[in-house]
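Listed below, chain by chain, are the residues.
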Amino acid sequence: MTGPLSPGIAPAPDAVPAPDAVPAPDSDVAPASGPAARAVRSGGGRADRVRPGVLLAALVLAAAVVACAWPALLAHADPTAADPVAALTPPGAEHWLGTDQLGRDVYARVVHGARYSLLIGLGATALSVLAGLLVGLPAALSGRIGDQVAMRAVDVLLALPELLLALLVIAVVGPGTGNALLAIAIAATPGFARLVRGQAMVVRGSEYVRAATALGVPRAAVVLRHVLPNTLGPLTVPATLAVGTAVVSGSALSFLGLGPKAPAPEWGAMLSQGRDFLSTAWWIAVFPGAAITAVVVAITVLGRQLHRRLEGRTP
């Protein structure tokens, strides 16, 4: 019997793979999948994949931080010095962003106004996160009754829009920079309390917390070493995004005359003062409004980028 499967008969010469059919290790063919393939398709390493929008947002926020910390470094003019002769001067070489109805330099006021807006946003967010911890963490670690009482109170406050709740607080404590900061912090506290409570309950039921409790570690040590750090971590992104919301809320309160008092160069107050001159001197309101928009968009872009990084996704 003869055939391809007969013993003693060698396979045909064309059945043996040619040596050049096997790709060499240093072949130029890109891998079909895996980290190397993703790197090749994306055009290089992680440093080469930085989005221009993220870089622009970082530059805008860096400029705002410099204006907040060292405003005289960017603007040498006095933001409160009035010059009636130069009132309503359009943007030019002497006054880059023009002057307002009192002859004050708009560029200097925008630069110095970053301090009020950013401090209100950062301060209100920090206070609201702290208050959310003080409310949400005990609620998650207490019994059923304490948890229900705290969360029902939080639900009542969450039913109100944040700006409306801030206005109610301002109506009680009065206007001013510190009171506006406090009002915005109180308005943002219920949301953080809910986030803290949910995250703390997840951490409380984790295996390492149960193991620490079974080993006899005191309850206070378990909370400080395990529950609190692992509860704060997921709050990084919401807190970053909340800064932008607080900046908008602070500007809204100042627009209504409930924030820093005149002649403080706050962006919302400048926007309110310039609305009466939009037809004759548009620059008085446009540039403070553009500053608010640029800073809030930059914070939002960087916050979302941070969220992607923490989730392990590429930019």
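Residues numbered from 1 in each chain as written. Predicted model: local features only at pLDDT ≥ 70, side-chain atom pairs only at ≥ 80, totals over all residues. Heavy atoms only, no water.

Caption draft 1: Region of interest: the overall build of the chain. When helices and strands are tallied, the chain shows twelve helices and zero strands. N-terminal to C-terminal, the α/β element order of the chain is α-α-α-α-α-α-α-α-α-α-α-α. For the chain, the proportion of its 315 residues judged to be buried stands at 37%. Of all intrachain contacts in the chain linking residues separated by at least 6 positions in sequence, the fraction that spans at least 24 positions is 69%. For the chain, the exposed surface amounts to about 17700 Å²; the carbon and sulfur share of it is 69%. (Helix = DSSP H or I, 4+ residues; strand = E, 2+ residues; numbered from the N terminus. Buried < 20%, exposed > 50% of the residue type's maximum accessible area, 1.4 Å probe, protein only. Contact = heavy atoms within 4.5 Å. Areas by Shrake-Rupley, 256 points an atom, 1.4 Å probe, with all protein chains shown as cover.)

Caption draft 2: Structural detail: the pattern of salt bridges. The tally for this structure, following the rule as stated, stands at five salt bridges. Two residues, R109 and D100, come together in a salt bridge whose shortest N-O distance is 4.0 Å. Taking the relative accessible area as the measure of exposure, R109 reaches 2% and is therefore buried. By relative accessible area, D100 is classed as buried at 3%. (Salt bridge = Lys/Arg side-chain N within 4 Å of Asp/Glu carboxyl O.)

Caption draft 3: Highlighting a nonpolar patch on the surface. Where nonpolar side chains cluster on the molecular surface, the patch consists of L127, V172, V173, L182 and I186 and spans about 410 Å² of accessible area. Where the nonpolar patch is concerned, the elements lending two or more residues are α6 (162-173) and α7 (177-204). Within the secondary structure layout, L182 lies in helix α7. Judged by relative accessible area, L182 falls into the partly exposed class, the value being 36%. (Patch = residues over 30% accessible without salt bridge, like charges linked within 9 Å, V, L, I, M, F, W, Y side chains within 5 Å.)

Caption draft 4: Main features of helix α2 (residues 52-69). An ideal rise of 1.5 Å per residue puts 26 Å on 18 residues; α2 measures up with 26 Å between its terminal C-alpha atoms. Taken residue by residue, α2 has V54, A57, A64, A67 and C68 as its buried positions. Within α2, the buried residues cover an arc of 150 degrees as seen down the axis, which keeps them to one side. Opposite the buried face of α2, at more than 90 degrees from it, the exposed residues are P52, L56 and L59. The inward-facing, buried residues of α2 abut α3 (71-74), α4 (106-141) and α12 (283-310). (Expected span 1.5 Å × (residues − 1). Arc of directions from axis to C-beta.)

Caption draft 5: Representation of helix α9 (residues 219-232) within the structure. Between the first and last C-alpha of α9 there are 18 Å, a value that for 14 residues agrees with the 20 Å anticipated at 1.5 Å per step. When we look at burial in α9, the residues that qualify are A221, V222, V223, V227 and T231. Its buried side turned inward, α9 meets α4, α7 and α8 (207-214).

Caption draft 6: Region of the structure containing the nonpolar core. One finds V106, V110, L118, W267, M270, W283 and V295 to be the most contacted residues of the largest nonpolar core, which totals 23 residues. For this core, the elements supplying multiple residues, two or more each, are α2, α4, α10 (236-255), α11 (267-274) and α12. Among the elements that line this core, the one with the most residues is α12, at seven residues. When neighbours within four sequence positions are excluded, V295 is seen to be in contact with V60, A64, L118 and W267. Counting 17 residues, the second largest nonpolar core, distinct from the first, contains V129, A200, V209 and A239. (Core = buried A, V, L, I, M, F, W, Y, C linked by side-chain atoms within 4.5 Å.)

Caption draft 7: Representation of the packing of aromatic side chains within the structure. Applying the stated criterion to the full structure yields three aromatic pairs. Ring geometry for W96 versus Y107: centroids 5.2 Å apart, planes at 50 degrees, classification tilted. Of this pair, W96 sits in the loop between α3 and α4 while Y107 sits in helix α4; the two residues are eleven residues apart in sequence, bridging distant segments of the chain. (Phe/Tyr/Trp six-rings, centres within 6.5 Å; stacked < 30°, edge-to-face > 60°.)

Caption draft 8: Here's a closer look at the packing of α4 against α11. Between α4 and α11, the shortest axis-to-axis distance is 8 Å and the interhelical angle comes to 135 degrees. One way to sum up the angle between α4 and α11 is to call them oblique. Residues V106, R109, V110, G113, A114 and S117 of α4 form the contact with α11, whose participating residues are W267, M270 and Q273. (Axes fitted to C-alpha atoms, helices over the stretch in contact; angles between N-to-C directions. Parallel < 35°, antiparallel > 145°, perpendicular 65-115°, else oblique.)

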